[in-house]
Amino acid sequence: EVILADIEAGGFFGEMASIDGQARSASVLAVSDAVVATMSGGVFLEVLQEHPAVSMYVLKLLAARVRELDNRVLEYSTFDVGHRVACELLRLARPDPKSARRGILSPPPTQAEIAARVSSHREYVAREMKSLERDGFLRREHNAIILTNMPGLVQLLENE
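This one's a predicted model, so the numbers in the text were calculated from it and none came from an experiment.

Draft legend 1. Highlighting the packing of aromatic side chains. Overall, the coordinates contain one aromatic pair when judged by the stated rule. On the basis of an interplanar angle of 50° and a centroid distance of 6.3 Å, the ring pair of phenylalanine 12 and tyrosine 57 is categorised as tilted. Of this pair, phenylalanine 12 sits in the segment before α1 (15-20) while tyrosine 57 sits in helix α3 (residues 52-78), placing them 45 residues apart in sequence. For tyrosine 57, a relative accessible area of 51% gives the class exposed.

Structure follows, in structure tokens:
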């Protein structure tokens, strides 16, 4: 299993198949309750042609997705599992309103989810998260993972 992306409320998927006529390149799994509406590929293309603002929105979304994938390819080809885990935790963390240095992952992703995001195995993720915990960058709390020093973790990644 590989997790490519998360789709937030108001997001959409399947647009690439509508645009290029190819088969879908991924499947979608809802991990919480969701309301889903469908639109045929033909209607989607009509909307793009008739509404330039929608077309620009989709173009910007696709450009952002390509940039994100470029970053992931760079990470996969140059970073070891530990660095990929740290990068993913930083990506998933929300700022802590009590401290600009801290980040919160709540609810915390499972080690298997993180492994699926960084193209690794759960056992390697467990080892790397334990290492981050020993080094003081990560703390586990009830129903949360706290990144205790996000700027320090970024600096560590940049220096190695």
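Draft legend 2. Main features of the pattern of salt bridges. According to the stated counting rule, one finds 14 salt bridges in the structure shown. The residue glutamate 15 makes a salt bridge to arginine 65 at a minimum N-O spacing of 2.5 Å. Taken as a pair, glutamate 15 in helix α1 and arginine 65 in helix α3 lie far apart in primary sequence, 50 residues in all. Residue class for arginine 65 comes out partly exposed when judged on its relative accessible area of 29%. Through salt bridges with shared partners, one network takes in Asp6, Glu68, Arg72, Glu75, Glu88, Arg91 and Arg117.

Draft legend 3. Representation of the nonpolar core within the structure. Among the nonpolar cores identified, the biggest contains 21 residues, and Val85, Leu89, Val125, Met129, Leu138 and Leu147 are the most heavily contacted of them. Those elements that provide at least two residues to this core are α4 (81-92), α5 (111-118), α6 (122-134), β4 (144-147) and α7 (150-159). The biggest single contributor to this core is α4, with six residues.

Draft legend 4. Expanded view of the sheet that holds strand β2 (residues 99-105). Spatially, β1-β2-β4-β3 is the arrangement adopted by the four strands of the open sheet, whose pairing is antiparallel. Edge strands, defined here as strands with exactly one partner in the open sheet, are β1 (94-96) and β3 (138-141). Across this sheet, the average inter-strand angle for adjacent strands is 35°, counted without regard to direction. Alignment of β3 against β4, held across four bridges, turns out to be antiparallel. Looking at β4, one finds that arginine 140 is bridged to isoleucine 145. Sheet strands touched by α4: β1, β2, β3 and β4. Its angle to β2, the strand with the most contacts, is close to 100°.

Conventions used here
- Residues numbered from 1 in each chain as written.
- Predicted model: local features only at pLDDT ≥ 70, side-chain atom pairs only at ≥ 80, totals over all residues.
- Heavy atoms only, no water.
- Phe/Tyr/Trp six-rings, centres within 6.5 Å; stacked < 30°, edge-to-face > 60°.
- Helix = DSSP H or I, 4+ residues; strand = E, 2+ residues; numbered from the N terminus.
- Buried < 20%, exposed > 50% of the residue type's maximum accessible area, 1.4 Å probe, protein only.
- Salt bridge = Lys/Arg side-chain N within 4 Å of Asp/Glu carboxyl O.
- Core = buried A, V, L, I, M, F, W, Y, C linked by side-chain atoms within 4.5 Å.
- Pairing = 2+ DSSP bridges.
- Axes fitted to C-alpha atoms, helices over the stretch in contact; angles between N-to-C directions.
- Contact = heavy atoms within 4.5 Å.

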